[in-house]
Structures are given as structure tokens and as C-alpha cells.
Amino acid sequence: MPRPEFEKYSMRLFDEWEERVERTLALPDYSLALEVEEGSVKGVGKLAVLLGALYVGIGNYGSFISGLQTIRDQVSSVGDFLAERAANPFVLRGLEPKVHKRGGSLSHLQRLFVKVQRREMTVEQAMNEAEALFGDDATTVPEFMQKLQESFEQTPRLPQQLPLSLDTLEQAVVVPGSNKERSPRPSHPKPSLPPPQQFRIEVWRESKKGQRKIRVIQL
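Residues numbered from 1 in each chain as written. Predicted model: local features only at pLDDT ≥ 70, side-chain atom pairs only at ≥ 80, totals over all residues. Heavy atoms only, no water.

Thoughts on the layout of surface pockets
Considering only enclosed or pocket space, the largest pocket measures out at about 1600 Å³ in volume. Along the wall of the largest pocket there are 47 residues; nearest its centre are G45, K46, H100, K101 and R102. Looking at the lining of the largest pocket, the elements that each hand over two or more residues are α1 (3-24), β1 (31-37), β2 (42-48), α2 (51-58), α3 (64-91), α4 (104-117) and α5 (123-134). The biggest single contributor to the lining of the largest pocket is α3, with 11 residues. Here the lining of the largest pocket is composed, by residue class, of 29 nonpolar, 10 polar and 8 charged. (1 Å grid on protein atoms, 1.4 Å probe; cavity = no way out; pocket = protein on both sides within 12 Å on 5 of 7 lines; lining within 4 Å. Points joined across faces, edges and corners; volume = space filled by probe spheres on them. Helix = DSSP H or I, 4+ residues; strand = E, 2+ residues; numbered from the N terminus. Nonpolar A, V, L, I, M, F, W, Y, C, P; charged D, E, K, R; others polar.)

See the structure below:
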């Protein structure tokens, strides 16, 4: 894209994503960052929240585990929205973008609950992993860690032979490769082209009410 069009695309994408996050995510505060880079057009969206704000958000949904699940679903939903909106202009041109999702800390916490339920991990082991996951932030919100431990202790243990429904959620964000053997494609020499001028657009907001910022970097 020409630079003005590329900047307009990035800004519009950030604004649409931010609007969806604000309508969907029930958290008192968070930060958003979007990076879109020319070339093959690569985009990365990041949503971050302080542990204290996460604790407040979880408290809006009853139990700790149900609140954690609800917020994780909300985060996944706004991530799907971002991927869809980012891909739209290229799908209309007959291209097929690739999307990779990473669950982050919420997915890690949910896996810890799964392991505790399956008796694959003790409460103490799960808490050790959670403390390592949050690092120094764990000491800033002791009530969060206390509630997390209580939830680990109270979560029902499942018999080993029963499947766990949460497994499908984790598998949904993994794109497995095909097991079929593929014949090697014949190599064709690529034409030598002069390198185009490329840019990376960074758009971010450090807090929910903070000022939106943008930076254009020539690569």
C-alpha cells in the first residue's frame, strides 16, 4: 500500500479493535498495542492488564474460576474480531491471511486448573507456577493470589477416565499440521526485484483512558 493508505488502514484497524474491546471486555483498565508491518503485511495485537484490574474484573462474575473463564472468552472474542477485520481487505483481493493466536497468562492459568482437576498437579505446584507466571506482580496483589489458591483447593477433582471439556478450548487455538506426506515442490528461481520502501506502523494506548499514540518507522 502507499504510505498514506497504510497508515489509514492501521489507524482504522486499531480504532475498530479498541471499540470492540471496550464493549466486550469488563475490566476497569487495560492497555492496547497494535503493530502492522509492510512487506508480507504482518500484524501483532497485544492486550495487557494489571493484576489488580484483572482481580476486579473476575469479581464481577461470581466465582473466581467462572470469572477467569468469562474474561478469557472475552479476550479470545476480541482477538478473533481483530484478526477478521485485519484480514478483510486482503480476503477481498483473493488472498488468504494466516492467523496465529497465543492465549497468554489467562490460558496458562486455565491449564493449571485443568491439571489440578486431573490430579496431575498439586495445589502447591500450581501456585508455584502461578507465582512464576506473574513474577513480582504476584506480591502487589496478595488478595488475587489468595483467591487463586482457594480456587485451586476448591476445584473438583475429576476421575482420570473422564474427559475434560476445557481440552477443546485449548485445541481450538492450535493449528495442527497435516500428517500426510507432501511431495516436494519444484523450486523456481525468483526474479530479482529492488527492495521496496517498507514501514511499520505502531499504534497504542497505555491505559483505557490514555491518549492514543502512533509511530511510523521506516524499515
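A word on the pairing of β1
Most of β1 sits out of view: 5 of its 7 residues are buried. Bridge analysis of β1 against β2 gives 7 bridges, and the strand direction is antiparallel. Bridge pairing in β2 places E35 opposite V44. Linking two consecutive strands that pair antiparallel, namely β1 and β2, is a turn of 4 residues; a positive phi of about 115° is found at G39 within it. Bridging between β1 and strand β3 (residues 199-205) involves 6 bridges; their strand directions are antiparallel. Counterpart to E35 in the pairing with β3 is E202. (Buried < 20%, exposed > 50% of the residue type's maximum accessible area, 1.4 Å probe, protein only. Pairing = 2+ DSSP bridges.)

Notes on the packing of aromatic side chains
Note on aromatic pairs: each is described by the distance of the centres and the angle between the planes. According to the stated counting rule, one finds 6 aromatic pairs in the structure shown. Between F113 and F152 the ring centres are 4.5 Å apart and the planes differ by 40°, which places this aromatic pair in the tilted class. Within this pair, whereas F113 is found in helix α4, its partner F152 is found in helix α7 (residues 142-154), the two being separated by 39 residues in sequence. Looking at F113, the relative accessible area reads 1%, which means it is buried. Under the relative-accessibility criterion, F152 is labelled buried at 0%. Put simply, the rings of Y55, F64, F134 and F144 touch in pairs and so form one group of aromatic residues. (Phe/Tyr/Trp six-rings, centres within 6.5 Å; stacked < 30°, edge-to-face > 60°.)

Observations regarding the side chain of Q74
Counting through the fold element by element, Q74 comes out in helix α3. Beyond its immediate sequence surroundings of up to four residues, Q74 is in contact with T24, L25, A26 and Y61. (Contact = heavy atoms within 4.5 Å.)

So, the sheet that holds β2
The strands making up a sheet associate through hydrogen bonds between their backbones, and the pairing can be parallel or antiparallel. Within the open sheet, the 4 strands sit side by side as β2-β1-β3-β4. Their pairing is antiparallel. Unpaired on one side and paired on the other, β2 and β4 (213-218) mark the two borders of the sheet. Direction aside, the axes of adjacent strands within the sheet are offset by 10° on average. Lying on the sheet, α1 is in contact with β1, β2, β3 and β4; it crosses β1 at an angle near 150°. (Axes fitted to C-alpha atoms, helices over the stretch in contact; angles between N-to-C directions.)

A few points about the packing of α4 against α7
Axes are the key here: two packed helices are described by the angle between their axes and the distance separating the axes. Running from N to C, α4 and α7 point in directions that differ by 30°, and their axes come no closer than 10 Å. Across the interface between the two elements, L109, L112, F113 and V116 from α4 touch F144, L148, S151 and F152 from α7. Among the residues forming the contact of α4 with α7, the class breakdown is 7 nonpolar, 1 polar and no charged.

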